[in-house]
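# Notes for the structure review
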Amino acid sequence: MTTRTPAAAALDEALKTYRTELTGYCYRMLGSSFDAEDAVQDTYVRAWRAYEGFEGRASLRSWLYRIATNVCLDALKAGTRRARPMDLTTVGSQPTAVLNARPEVTWLEPIPDSRVLSSDPAESAVSKESIRLAFMSALQHLPPKQRAVLILREVLSWKADEVATLLDTTVASVNSALQRARATMSTMQIKESEPADPLDSKQQELLTRYTHAFESYDIEALTGLLHEDAVLSMPPYDLWLQGKQDIAAWHLNQGIGCKNSRLIPTSANGMPAFAQYRPNPSGEGHTPWALQILELHEGRIRGLNAFLDTDRWFPLFDLPDRVPSSLEE
């Protein structure tokens, strides 16, 4: 049996301690939940290989972030930018709407809150805001090093000299990159969404009403919960619709297969979410159909983001692969 040295045990403990925040950092850099997990694993492998040369001139946390940053920058060298349907096509219209899958597109991916958010309430507000889909989409427009600088400085609150040391550059260069990143982000139309941790009574009531309306397929009641400019998207399809009328018409026509669905609450990207299960054609229970992520604003729903690749998302969110037809089963 191999005996662990004190130094090795300390590194093991550090890797466990920083896993969540490193995953959050890599997710913001890469826009992919799976790539973020791979990046953290690669960071740990590189850390183990280089640990004998770690001389303690920086904190262990800073050292791990330095490795993680290099891993992410290497991954971003291909120049691929992750996208949402709204980044690719103009808004659709329900009468002519067709679901066109874009398998060649590298889609922006959802992530469970539990994988990337600290349990510290003091940190959760900024952390949640910086993993929301609109913010993540805007980050994709930044060059990799500007993205790293913005995340480290404005999300993680690192000092300019700390970021300069991590990136092997100067404070002036860091400040310049931050200024350019802010300028780019200011041009992005990042729609606000309300904090959802913890949900207040009005938000809880809104989600309860949404669940009842969707499961009973009362589309009039459902659209009554939406903003006038609400958006519906369904990656990996490039279609997106905007406005109550088109969203209601979609559910009553092309989306009629969602009738009699069941919803199981969860959370993703700092926002309330639901696992949607549609009736199994065999008549036995309900099977996975979509991970719905809702954007809330001023007491209504501004965004309905339905991620349909359930073979990927439901296992990631530890969701069951089947639910009974009713709660009594």
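Refer to the preceding data block for the structure.
One structure accompanies this document, and this report is about it. Bear in mind the structure is a predicted one, so any value in this text is a computation, not a measurement. (Residues numbered from 1 in each chain as written. Predicted model: local features only at pLDDT ≥ 70, side-chain atom pairs only at ≥ 80, totals over all residues. Heavy atoms only, no water.)

## Thoughts on the pattern of salt bridges
Oppositely charged side chains can pair when the atoms bearing their charge come close. Note the cut-off: For this analysis, a salt bridge means a side-chain nitrogen from Lys or Arg found within 4 Å of a carboxyl oxygen belonging to Asp or Glu. Secondary structure follows DSSP: runs of H or I at least 4 residues long count as helices, runs of E at least 2 residues long count as strands, and numbering of each begins at the N terminus. Buried, partly exposed and exposed residues are distinguished by accessible area as a fraction of the type maximum, computed with a 1.4 Å probe on protein chains only: under 20%, between the cut-offs, and over 50%, respectively.
Counted according to the given criterion, the structure contains 18 salt bridges. For Arg 115, the salt bridge identified is with Glu 37, shortest N-O distance 2.8 Å. Here Glu 37 lies in helix H2 (residues 33-50) and Arg 115 lies in helix H5 (residues 113-116), a separation of 78 residues in the sequence. Asp 74 is the salt-bridge partner of Lys 77, the closest N and O atoms lying 3.5 Å from each other. For Asp 74, a relative accessible area of 35% puts it in the partly exposed group. One network of salt bridges, in which partners are shared, links Asp 35, Arg 82, Glu 109, Asp 309 and Arg 312.

## Considerations on unusual backbone geometry
Geometrically, the link from Pro 235 to Pro 236 is a cis peptide bond, its omega value of 20 degrees lying close to zero. Assignment of secondary structure puts Pro 236 in the loop between strand E1 (226-233) and strand E2 (240-242). With a phi angle near 50 degrees, Asn 269 is a residue other than glycine that sits in the positive phi range. For Asn 269, a relative accessible area of 0% corresponds to the buried category. Backbone geometry at Asp 318 places phi at a positive 55 degrees, although glycine is not the residue there. Topologically, Asp 318 is positioned in the segment after helix H14 (310-316). We classify Asp 318 as exposed; its relative accessible area is 65%.

## Describing the pairing of E1
As a reminder, the rule being used: Two strands qualify as a pair provided that DSSP identifies no fewer than 2 bridges between them.
The buried fraction of E1 amounts to six of the eight residues, a majority that puts the element mostly inside the structure. As judged from the four bridges shared by E1 and strand E6 (residues 300-307), these two strands associate in the parallel manner. Residue pairing for E6: Val 231 is matched across the bridge by Gly 303. Bridge analysis of E1 against E2 gives three bridges, and the strand direction is antiparallel. Considered in E2, the bridge of Leu 232 is made with Leu 241. The hairpin turn running from E1 into E2, its antiparallel successor, is six residues long.

## Details of the packing of aromatic side chains
Counted only if it meets this: Any two of the Phe, Tyr and Trp rings considered here, Trp counted by its six-membered ring, make a pair once their centres fall within 6.5 Å; the pair's planes then place it as stacked at under 30 degrees, edge-to-face at over 60, or tilted in between.
Tallied over the entire structure, the rule returns eight aromatic pairs. Judged by centre distance (5.2 Å) and plane angle (55 degrees), the rings of Tyr 25 and Tyr 65 are tilted. With Tyr 25 in helix H1 (residues 6-30) and Tyr 65 in helix H3 (residues 60-75), the pair connects residues that are 40 residues apart, well separated along the chain. Look at Tyr 25 and you get buried, because its relative accessible area is 0%. Residue classification places Tyr 65 among the buried residues on the basis of a relative accessible area of 0%.

## Things to note about the sheet that holds E1
For clarity, the cut-off: Axis lines are fitted through C-alpha atoms, for helices just across the contact stretch, and the angle between N-to-C directions can take any value from 0 to 180 degrees. A contact between two residues is defined here by any heavy atoms of the two lying within 4.5 Å.
The strand order across the open sheet built from six strands is E2-E1-E6-E5-E4-E3, with neighbouring strands paired in mixed fashion. Two strands lie at the open edges of the sheet, namely E2 and strand E3 (262-268), each paired on one side alone. When the angles between neighbouring strand axes are averaged without regard to direction, this sheet yields 20 degrees. Here helix H13 (residues 244-252) sits on the sheet and contacts E1, E2 and E6; the angle it forms with E1, its principal contact strand, is near 50 degrees.

## Things to note about the environment of Glu 228
Selection rule: Polar contacts, as counted here, are pairs of nitrogen or oxygen atoms within 3.5 Å of one another; within protein the pair requires one atom able to donate a hydrogen and one able to accept it, and residues that are adjacent in sequence qualify only if both atoms are side-chain atoms.
Locating Glu 228 in the fold gives a position in strand E1. Residues Glu 228 and Ile 264, spaced 36 residues apart in sequence, show a C-alpha to C-alpha distance of 26 Å. Not counting residues within four places of it along the chain, the set of residues in contact with Glu 228 comprises Gly 243 and Lys 244. At 3.5 Å, the side chain of Glu 228 and the side chain of Lys 244 are in polar contact.

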